[in-house]
Amino acid sequence: DAKTTQPPSMDCAEGRAANLPCNHSTISGNEYVYWYRQIHSQGPQYIIHGLKNNETNEMASLIITEDRKSSTLILPHATLRDTAVYYCIVGNTGTASKLTFGTGTRLQVTL
Amino acid sequence: KAGVTQTPRYLIKTRGQQVTLSCSPISGHRSVSWYQQTPGQGLQFLFEYFSETQRNKGNFPGRFSGRQFSNSRSEMNVSTLELGDSALYLCASSLDAGTGNTIYFGEGSWLTVV
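Note on numbering: residues in each chain are counted from 1, in written sequence order. Going through the entries in the order they are written, you letter the chains from A and number the ligands from 1. At least 70 in pLDDT is required for a residue's local features to be given in this predicted model, at least 80 for side-chain atom pairs to be given and counted, and no such filter applies to totals for whole chains, interfaces and linings, which use all residues. Just so you know, side-chain values use all the structure's heavy atoms and leave hydrogens and water out.

Caption draft 1: Region of the structure containing the sheet that holds strand 8 (residues 84-91) of chain A. All names here are of chain A. Pairing is mixed across the open sheet formed by five strands, whose spatial order is 1-9-8-3-4. Each edge of the open sheet carries a strand with a single partner, namely strand 1 (9-13) and strand 4 (45-50). Pairwise comparison of adjacent strand axes, ignoring direction, gives a mean angle of 25 degrees for this sheet. Whether two strands pair comes down to DSSP finding at least two bridges between them. Put simply, DSSP H or I for four residues or longer makes a helix, DSSP E for two residues or longer makes a strand, and each gets a number counted from the N terminus. Both strand 3 (residues 32-38) and strand 4 contribute to a ladder of five bridges, which runs antiparallel. Looking at strand 4, one finds that Val 33 is bridged to Gly 50. Helix axes use the C-alpha atoms of the stretch in contact, all axes being lines fitted to C-alpha atoms, and the angles between their N-to-C directions lie in the range 0 to 180 degrees.

Given below as structure tokens:
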């Protein structure tokens, strides 16, 4: 699986958009970009995933660059409950349901 | 629908003992995978089961084992517990290994070895 690079921490004011970047320059053509978040002491929560098109759901938007070497997770209106560690994962679940987690970005949403 | 259910949520064991953790996947999901999370190593893949067969295995010693039943429920076992096995053990399920499938996690089982 391709490796990802994320900033270790970010801050965001409540009500503002949180934009979390992820670099995955070695991504291959059949690998998806997945985003999960983990609030302390809980299991990782699925947010969104995509292959090459931008994706949006009720939680967030995923913007993938045309060359697929980087992506951005956007939380449109961050709240205090969005404070968590966010993991960007690149992988191909075609042969096995396995995810390789990095160290993620600790997002702190403040008043 | 119900999510991934793990039992027990918390447990304390003594060094040398063994432990069995249980996982019930989301209804209809046939793939179950297990992860270990520790402060030092982060989230690490243990193994994955599909249709009662282990399909993929992480880099863990043989003390860590698992199985999957015909109803897709899974158990993992750790024998001869060591202090370093203290961790959050997470179970995840997905429909199968189809490309782009979503993998959902349970809340985990907190194991403390004393």
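Here the narrative resumes, following the displayed structure.
Caption draft 2: Inspection of the layout of surface pockets at higher detail. Only protein atoms enter the 1 Å grid used here. Points where a 1.4 Å probe fits but cannot escape make up a cavity, open sets with protein on both sides within 12 Å along at least five of seven lines make up a pocket, and a residue lines them when an atom lies within 4 Å of a point. Grid points are joined across faces, edges and corners, and a volume is the space filled by probe spheres set on the points. Roughly 570 Å³ of volume is contained in the largest pocket. Taken together, 26 residues form the lining of the largest pocket, with Gln 38, Val 85, Tyr 87 and Arg 106 of chain A together with Gln 37 of chain B sitting closest to its centre. Among the secondary structure elements, those contributing two or more residues to the lining of the largest pocket are strand 8 and strand 9 (105-110) of chain A together with strand 4 (31-38), strand 9 (87-94) and strand 11 (109-113) of chain B. Residues are grouped as follows: Ala, Val, Leu, Ile, Met, Phe, Trp, Tyr, Cys and Pro are nonpolar; Asp, Glu, Lys and Arg are charged; all remaining types, including Gly, are polar. The class makeup of the residues in the lining of the largest pocket is 11 nonpolar, 14 polar and one charged. Its volume calculated, the second largest pocket comes out at about 180 Å³. Along its surface, the second largest pocket is lined by 13 residues, and Thr 100 of chain A together with Leu 43, Gln 44, Phe 45 and Phe 60 of chain B are the ones closest to its centre. Residues that form the lining of the second largest pocket fall into these classes: five nonpolar, seven polar and one charged.

In short, the description is geometric, and any link to function would need to be established separately.
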